Amino acid sequence: MEINQGNQTSKAMRFLERENYFSVINGYKLIFLEKDRLKGKPLTPEKFLVGTKFDEIASLYNFDRDLRNLLLNYMLKYESNLKSVISYRFSEEHANQSHPYLQLDNYRSGNRTEDTKTVLSTISTLSAIISRKGGKKGNAIYHYVDKHNHVPLWVLVKYLTFGNINFMYESLPDKIQNKIAKDFSSEYRRSYGLKSDRKFLVTKEMISEINKAINSYRNVAAHEEIMYKHVVTKTVGHKNIFNLFGMKTSDNDVTNVFVLIMMLRVALTKQDYKNLFKSLVNLFNDYQNELVTVPFSDVMKIMGFDDNWKQSLKA
């Protein structure tokens, strides 16, 4: 790996002083390493491709950080919307009950041990949050406990992590899950001006797949891990999302960044999605010429973007 002398050396040193060496070099070097032609794995001992410059690794690191921040912004929009829809539909179903979200009978029932564990975990989490926040002044939960002896679900969900709300969704009976999925279908058709009889149906299984993927990518963003090559495995259901748009999918069952964008296309309003798409185009353009040893198109392929990605994703 080359580091130009003079000002460039000082620039590299300052960059590594700000950022963690392990995170930058060890985290982003893989694409710049020479590979075994047969196995496709890095040679041992490791050897950088001829001409690799430190600036290129730094640029890939910066690109990934910008990508994380961009995707996180729109994943948070979906998270906020999901919490609102869940709290509305659950409260609607149990309008005459006090603290219905703490009642075991209001959740999914079945013979699977895993379902029971998910439900109990959800109730335990909700109860713990009320107990923890209800004893401290200065928050909405304390206010409702103190003044009304009751915490509405729409207040409580604001204190849930995405992992928490994902567990809650999976704990809900099919009836409520179907209503939530129908809400997303209706919002998409309304946002895009589609007729109500048009076949655009978001299913409860699609919402589960979207939640699984976003939960994983949210964790990557929260811990500042590598975003561009992150994948979520065993997500067969995303193929149904592609079918909504008449798109073919590969036989693999992984959710990469491209698939995540497709999921957000379903989950966001038209305006939010158009803003995401525009920002994504600008981001790719900004870094298009930053890599020389390895073309930026290789980074795109790792994320799942082919040559026709704009046509595929444009709303």
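Everything discussed here concerns the structure shown above.
So, here is what we can say about the structure in this document. (Residues numbered from 1 in each chain as written. Predicted model: local features only at pLDDT ≥ 70, side-chain atom pairs only at ≥ 80, totals over all residues. Heavy atoms only, no water.)

Now for the side chain of Arg218. Relative to the assigned elements, Arg218 resides in helix 9 (residues 204-222). Look at Arg218 and you get buried, because its relative accessible area is 17%. Among the polar contacts made by the side chain of Arg218, one reaches the side chain of Glu79 at a distance of 2.9 Å. For Arg218, the contacting residues outside a window of four places in its chain are Leu72, Met75, Leu76, Glu79 and Phe162. (Helix = DSSP H or I, 4+ residues; strand = E, 2+ residues; numbered from the N terminus. Buried < 20%, exposed > 50% of the residue type's maximum accessible area, 1.4 Å probe, protein only. Polar contact = N/O pair within 3.5 Å; in protein donor to acceptor, adjacent residues only side chain to side chain. Contact = heavy atoms within 4.5 Å.)

What follows is about the nonpolar core. Residues Phe63, Tyr78, Tyr101, Met303, Phe305 and Trp309 are the most contacted members of the largest nonpolar core, which totals 94 residues. Residue contributions to this core peak at 16 residues, all from helix 3 (residues 54-93). Leave out the neighbours within four places in its chain, and Phe63 touches Tyr228, Leu283, Phe284, Tyr287, Phe296, Val299 and Met303. (Core = buried A, V, L, I, M, F, W, Y, C linked by side-chain atoms within 4.5 Å.)

So, on to the packing of helix 3 against helix 7 (residues 162-171). Running from N to C, helix 3 and helix 7 point in directions that differ by 40°, and their axes come no closer than 11 Å. With respect to the hand of their crossing, helix 3 and helix 7 are arranged in left-handed fashion. Contacts between helix 3 and helix 7 involve Tyr78, Glu79, Leu82, Lys83, Ile86 and Phe90 from the first element and Phe162, Ile165, Met168 and Tyr169 from the second. When the residues that make up the contact of helix 3 with helix 7 are grouped by side-chain class, the tally is eight nonpolar, no polar and two charged. (Axes fitted to C-alpha atoms, helices over the stretch in contact; angles between N-to-C directions. Left-handed = near helix turned anticlockwise from the far one by under 90°. Nonpolar A, V, L, I, M, F, W, Y, C, P; charged D, E, K, R; others polar.)

Once their charged atoms are close, side chains differing in charge can pair, the charge on each being opposite to the other. For the structure shown, the criterion picks out 15 salt bridges. In this structure, Arg89 engages Glu92 in a salt bridge whose closest nitrogen and oxygen atoms are separated by 2.9 Å. One end of the pair is Arg89 and the other is Glu92, both in helix 3 and three residues apart, which spans about a single turn. On the accessibility criterion, Arg89 (17% relative accessible area) is buried. Taking the shortest distance from any N to any O, the salt bridge between Glu205 and Lys204 comes out at 2.9 Å. When its relative accessible area of 16% is taken as the criterion, Lys204 is described as buried. Through salt bridges with shared partners, a single ionic network connects Arg89, Glu92, Glu93, Lys175, Lys179 and Asp183. (Salt bridge = Lys/Arg side-chain N within 4 Å of Asp/Glu carboxyl O.)

Applying the stated rule across the entire model yields 20 aromatic pairs. Arranged with centres 6.1 Å apart and planes meeting at 45°, the rings of Phe63 and Phe284 form a pair that is tilted. One end of the pair, Phe63, is in helix 3; the other, Phe284, is in helix 12 (residues 270-287), with 221 residues separating them in the sequence. One exposure class covers both Phe63 and Phe284, and it is buried. The interplanar angle of 35° and the centroid separation of 5.6 Å between the aromatic rings of Phe90 and Tyr107 together place this pair among those described as tilted. You can see Phe90 sitting in helix 3 and its partner Tyr107 sitting in the loop between helix 3 and helix 4 (113-134), a full 17 residues away along the chain. (Phe/Tyr/Trp six-rings, centres within 6.5 Å; stacked < 30°, edge-to-face > 60°.)

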